[in-house]
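Reading the structure
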Amino acid sequence: MKNQTSKPASQTGRYFKYAIGEIILVVIGILIALQINNWNENRKLKQLTDGIYSTIKSDLEADIAKTELFLNYYDSVRKPLFLSFLRDELIKEEVIKNPSLQLGFRGWDDIRISTRGYELLKNLPSISNSNQSLANKIADFYNTHLYEIEIAQIELAQEFLDNNLHFKRKGFTWSYVMGRHDENFIEYYLYDDDAKNRMAAYYLFFNIYTNELRNFKGKARSIIDSINTDLND
């Protein structure tokens, strides 16, 4: 009787251990599957994020090129004209011969900063912890410099508009825009204190604008370096 009783109990113990083992294997399998799925999702997110960072890098490289072109023109053409005017170095005969010398109040080409990659980054539903620091750095960069450049452009545009409305009231608009000889405009341009004051203010706002572009260019290079480091990791 003793042996008959212990045999079923022994079999039950073996079945129980087997069931526990099966459950453990199933749980391990589920955990492995979840880990693989998380790894795949993280890999896809990393690939998507890297693609966006590459787009931001391309945007910034193009923006730097546009900014350098504008700043080189300003430093070599516009700024010397501003300074010659404000230092009373312009000679009437030269201004008459070279109409471009009387275009100190003319406009400029706005620098449009591309936000294509940044918009993609903002719309990304999630981002890995390893990329969060760079994402924050990029967001701070764009939020700061887009605002500062826009404000500088608005102030410069307002000054430009105010000057041209003033010239219109004086009847200078047509000759000024076309760079044609107009004795009255040239007399005003070279010798009137109002023109000097307006040019000084215009030069000030141009300096603010170009300084913002220089700051943008320098910080953009730093962002590119950070992106390159992230992509090479």
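Residues numbered from 1 in each chain as written. Predicted model: local features only at pLDDT ≥ 70, side-chain atom pairs only at ≥ 80, totals over all residues. Heavy atoms only, no water.

**Quick look at the overall build of the chain**
Counting its regular elements, the chain contains seven helices and zero strands. Traced from its N-terminal end to its C-terminal end, the chain shows the element sequence α-α-α-α-α-α-α. A fraction of 84% describes how many contacts in the chain between residues 6 or more apart in sequence connect residues 24 or more apart. Total accessible area computed for the chain in this model is approximately 14,300 Å², and 56% of it derives from carbon and sulfur atoms. (Helix = DSSP H or I, 4+ residues; strand = E, 2+ residues; numbered from the N terminus. Contact = heavy atoms within 4.5 Å. Areas by Shrake-Rupley, 256 points an atom, 1.4 Å probe, with all protein chains shown as cover.)

**Some details on helix α7 (residues 193-232)**
Helix length check: α7 (40 residues) gives 59 Å between terminal C-alpha atoms against 58 Å at 1.5 Å per residue, within 8%. One side-chain oxygen at the N-terminal end of α7 lies 2.7 Å from the backbone nitrogen of Asp194; it belongs to Asp192. (Expected span 1.5 Å × (residues − 1). Polar contact = N/O pair within 3.5 Å; in protein donor to acceptor, adjacent residues only side chain to side chain.)

**Things to note about the packing of aromatic side chains**
Here the structure, examined in full by the defined rule, presents 23 aromatic pairs. A ring pair is formed by Tyr74 and Phe206, whose centres lie 5.6 Å apart and whose planes are at 10°; its orientation type is stacked. Here Tyr74, found in helix α1 (residues 2-86), pairs with Phe206, found in helix α7; they are 132 residues apart in sequence, far enough to count as distant. The class for Tyr74 is buried, based on a relative accessible area of 1%. Between the aromatic rings of Phe105 and Phe167, the centroid separation amounts to 5.0 Å while the plane-to-plane angle is 70°, which identifies the pairing as edge-to-face. With Phe105 in the loop between α2 (92-97) and α3 (116-122) and Phe167 in helix α4 (residues 129-170), this pair connects stretches of sequence that are 62 residues apart. The burial state of Phe105 is the same as that of Phe167; both residues are buried. (Phe/Tyr/Trp six-rings, centres within 6.5 Å; stacked < 30°, edge-to-face > 60°. Buried < 20%, exposed > 50% of the residue type's maximum accessible area, 1.4 Å probe, protein only.)

**Let's talk about helix α6 (residues 183-191)**
Of the positions making up α6, those classed as buried are Phe185, Ile186, Tyr188, Tyr189 and Leu190. Capping the start of α6 is the job of one residue whose side-chain oxygen sits 2.9 Å from the backbone nitrogen of Asn184: Asp182.

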